[in-house]
Amino acid sequence: MLRLTSVVTTYGRTTALHSVSLHVRPGEIVALVGANGAGKTTVLNTISGITPAAKGKVQYGEKDIARMSADRIVRLGISHVPEGRQLFAPLPVKDNLLLGSYTLRHAEKQAHQQEDLQRIYTMFPILKERSEQRAGTLSGGEQQMLAIGRALMARPTLLLLDEPSMGLAPKVMAEIFNAIAEFRNHGLTVLLVEQNARWALKIADRGYVLETGSIVLEGSAEELLENREVQRAYLGKGYREVWE
């Protein structure tokens, strides 16, 4: 479904990604883990067209999207939930959700918008309760649910998630990650960027480890969880107890 081949991304004279190659198959949840500053967010920004690749290929299906505009990439079926959520804080929850469908063709929007809205409310019932409340007044967990819901309103086939656990209490994190794990049951493919490797690999099928802009390890989630270098650098003691 998605394949990056020898991707180089730069910010001015600084190279953020060094020949990054990875792939995501349909229906998978793939985790991209690493420390702060490793380049994880840049990978997602490169895929979604926010920071286009300087070199290399970004293929989505049969199309090379490396130099496409961000709005065209959304129309192809890729939705991006950015780090920090980036909601429209003064607007109500419902309006934030409806804005997620702005790239849909008029006929598709007319046919599916209300159905999709109800689907998001079923997934995250608190958003229905808060539908007329300003987004900026929601808790951190509720804002993350809203950011995910807004992305899903574009009817994507691939969802890019950037640090969904940021700033959340463990109980709320579990709720968010359980929802993400359910996406594969609905035919949605996920590329998950997450500093908290233990949570990400718990729900992922496969994973990649990124260090200073380069992929240094890849494998199944189980393999990475058992890898001593991953345990030392990213999991810490007692990681097996999470969600047990």
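Rules behind the numbers
- Residues numbered from 1 in each chain as written.
- Predicted model: local features only at pLDDT ≥ 70, side-chain atom pairs only at ≥ 80, totals over all residues.
- Heavy atoms only, no water.
- Pairing = 2+ DSSP bridges.
- Helix = DSSP H or I, 4+ residues; strand = E, 2+ residues; numbered from the N terminus.
- Contact = heavy atoms within 4.5 Å.
- Axes fitted to C-alpha atoms, helices over the stretch in contact; angles between N-to-C directions.
- Phe/Tyr/Trp six-rings, centres within 6.5 Å; stacked < 30°, edge-to-face > 60°.
- Buried < 20%, exposed > 50% of the residue type's maximum accessible area, 1.4 Å probe, protein only.
- Lys, Arg positive; Asp, Glu negative; His and termini not counted.
- Salt bridge = Lys/Arg side-chain N within 4 Å of Asp/Glu carboxyl O.
- Polar contact = N/O pair within 3.5 Å; in protein donor to acceptor, adjacent residues only side chain to side chain.
- Patch = residues over 30% accessible without salt bridge, like charges linked within 9 Å, V, L, I, M, F, W, Y side chains within 5 Å.
- Areas by Shrake-Rupley, 256 points an atom, 1.4 Å probe, with all protein chains shown as cover.

On the basis of which strands lie adjacent, the open sheet formed by 4 strands has the order E2-E1-E4-E5 and antiparallel pairing. The open sheet is flanked by strand E2 (14-24) and strand E5 (63-64), the only strands paired with a single partner. Running at roughly 110° to strand E1 (residues 2-11), helix H1 (residues 40-48) makes contact with E1, E2 and strand E4 (55-60) of the sheet.

Moving on, we come to the packing of aromatic side chains. This structure, assessed with the given rule, holds 1 aromatic pair. Judged by centre distance (5.7 Å) and plane angle (50°), the ring pair of phenylalanine 177 and tryptophan 199 falls under tilted. Residue phenylalanine 177 is found in helix H7 (residues 170-183), and its partner tryptophan 199 is found in helix H8 (residues 197-203); the two are separated by 22 residues along the sequence. Take phenylalanine 177: its relative accessible area is 0%, and that puts it in the buried class.

Phi angles above zero are rare outside glycine, and arginine 155 is one such case at about 55°. Locating arginine 155 in the fold gives a position in the loop between helix H6 (140-152) and strand E7 (158-162). Judged by relative accessible area, which is 31%, arginine 155 ranks as partly exposed. A positive phi is found at threonine 212, a non-glycine position, where the angle reads about 45°. Within the fold, threonine 212 resides in the loop between strand E9 (206-211) and strand E10 (214-220).

Burial within H1 is extensive, with 8 of its 9 residues counted as buried. Where H1 is concerned, the buried positions are Lys40, Thr42, Val43, Leu44, Asn45, Thr46, Ile47 and Ser48.

In this section: the side chain of arginine 85. Tracing the sequence through the fold places arginine 85 in the loop between strand E6 (78-81) and helix H3 (93-99). Buried within the structure, arginine 85 lacks any salt-bridge partner; its nearest side chain of opposite charge belongs to glutamate 194, at an N-O separation of 9.1 Å. At a separation of 2.6 Å, a polar atom in the side chain of arginine 85 contacts the main-chain carbonyl oxygen of methionine 166. Ignoring anything within four residues of it in the chain, the contact list for arginine 85 reads Gly140, Gln143, Gln144, Ala147, Arg150, Pro164, Met166 and Leu168.

Attention now goes to a nonpolar patch on the surface. Nonpolar side chains collect at one region of the surface, where Phe88, Leu91 and Leu99 lie side by side and expose about 230 Å² of accessible area between them. Take phenylalanine 88: its relative accessible area is 41%, and that puts it in the partly exposed class.

A few words now on the environment of serine 214. Structurally, the position occupied by serine 214 is in strand E10. Apart from the residues within four sequence positions on either side, serine 214 is in contact with His18 and Val209.

Below, the discussion takes up the pairing of strand E3 (residues 29-33). Most of E3 is tucked away: 5 of the 5 residues are buried. Because side chains alternate across E3, one face comprises the buried residues Ile29, Ala31 and Val33, and the other comprises Val30 and Leu32, equally buried. Where E3 meets strand E8 (residues 189-194), 5 bridges bridge the pair, whose relative direction is parallel. Following the sheet pairing, valine 33 is matched in E8 by glutamate 194. When E3 meets E9, the two strands line up parallel, connected through 4 bridges. By the bridge assignment for E9, valine 33 is matched with valine 209.

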